[in-house]
Amino acid sequence: MAAASPEYQMNNQRTWPCKSDNGPRFTSFSFQSTKQTTINKPRTNNPTISKPRTSNPTINKPRTNNPTINNHNFQLNPKNRDFSQLPDDVLLKIAATFTLPNLRAASQVCKSWCDGLRPLREAMLFLKYGKRFKHGRGGVKVNLNKALESFLKGAARGSTLAMVDAGLVYWEMGRKEQGISFYRKAAVLGDPAGQCNLGICLLQANPPDSEEAIKWLYKASVGGYVRAQYQLALCLHKGRGPSRNLQEAARWYLKAAEGGYIRAMYNIAMCYSVGEGLVQSHKLARKWMKRAADRGHSKAQFEHGLSLFSEGNMTKAVVYLELATRAGETAADHVKYVILQEMSNTSRDRAMLLADNWRPLPSASR
């Protein structure tokens, strides 16, 4: 049987470690026009007014020690930065992680960028076709081989998005080494999804390489990738790495939770509840537990239902316990049964109706 993919294993909600244990957008660059604008200078007869003089050699002769720029014969003049002269290979590396909207925006900067970014625009088409075959969209049947073929064509044109999807398909096929290879290519080019997936794969390796895994998870976390922030916090919490650090774990749980990651919301609620890694606060614990419950975390729904029951709010307690039961939390069903015995038929029907009409709030899916 093929090994489970990182995406599948991330969906497991057993996120809180047991006591035994030791998931940037392009906006714009500051361009300066290369055209010289003539400014009419006011006339003056004052002989004391003259052009300012300077003895600073760095202003008169701009210098650069950047070997990459020198090798491409591309000079940056502080008075006139012409980014249209960027070599195509440098431009493709800069834009390798761009999504389609960002790529379109970059292609409109100038003609040389439009020409230089053509391979990445072609990669976006192959990425689109690959997703259709992978998920069975657009009237086509699921076909992993055709999906992989499209992703590989996109990856060959330099798109890290296609590299990550190719890695995912290879992983699902059980070809882990090839999957890791594509994750690493994307990670080196700065793709946060590639960095996160590479880190997870290294943690699951035999033997695991925790040190390198944490290095890549940290890179993705600093870039704001919430799934990596959660995974990094989990490593620090369980002690998978140089050392166990509860304070840092709580800090990254909180960042991921603030970014909308459901499992991090549940874990930071637990941290606040028991005072692990930060100051104990039942108020903040309840806040984050409710947020996780409202976004579909079954354990959070169970915990929040118990909290409402202890406060005497029977109807809402039954709603959350019913949701937890439907999601597979068998213990919630027993508590719900006890509460229902104390409720009228009207209240029971109302609670079940609320549960039937419940819809989860949006959350981060990365």
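Parameters at a glance
- Residues numbered from 1 in each chain as written.
- Predicted model: local features only at pLDDT ≥ 70, side-chain atom pairs only at ≥ 80, totals over all residues.
- Heavy atoms only, no water.
- Phe/Tyr/Trp six-rings, centres within 6.5 Å; stacked < 30°, edge-to-face > 60°.
- Helix = DSSP H or I, 4+ residues; strand = E, 2+ residues; numbered from the N terminus.
- Buried < 20%, exposed > 50% of the residue type's maximum accessible area, 1.4 Å probe, protein only.
- Core = buried A, V, L, I, M, F, W, Y, C linked by side-chain atoms within 4.5 Å.
- Axes fitted to C-alpha atoms, helices over the stretch in contact; angles between N-to-C directions.
- Left-handed = near helix turned anticlockwise from the far one by under 90°.
- Contact = heavy atoms within 4.5 Å.
- Nonpolar A, V, L, I, M, F, W, Y, C, P; charged D, E, K, R; others polar.

All right, on to the packing of aromatic side chains then. Counted according to the given criterion, the structure contains 4 aromatic pairs. Taking 6.2 Å as the distance between ring centres and 85 degrees as the angle between the ring planes, the aromatic pair formed by Tyr 218 and Trp 252 counts as edge-to-face. Of this pair, Tyr 218 sits in helix H12 (residues 210–222) while Trp 252 sits in helix H14 (residues 246–258); the two residues are 34 residues apart in sequence, bridging distant segments of the chain. Residue Tyr 218 is classed as partly exposed on the basis of its relative accessible area of 44%. Centre to centre, the rings of Tyr 230 and Tyr 261 are 5.4 Å apart; their planes meet at 40 degrees, and the pair counts as tilted.

What follows is about the nonpolar core. Of all hydrophobic cores here, the largest spans 87 residues; its most connected members are Tyr 253 and Ile 268. Sorting elements by how many residues they give to this core places helix H15 (residues 262–274) first, with 9 residues.

The next point concerns the side chain of Ser 159. Within the secondary structure layout, Ser 159 lies in the loop between helix H8 (144–156) and helix H9 (160–172). Overall, Ser 159 belongs to the buried group, its relative accessible area being 0%.

Axis separation between H8 and H9 bottoms out at 8 Å; the angle between their running directions is 150 degrees. The crossing of H8 and H9 is left-handed. Here Leu 144, Leu 148, Phe 151, Leu 152, Gly 154 and Ala 155 of H8 lie close against H9, whose contacting residues are Ala 162, Met 163, Asp 165, Ala 166, Val 169, Tyr 170 and Glu 172. Across the contact of H8 with H9, the residue classes break down as 10 nonpolar, 1 polar and 2 charged.

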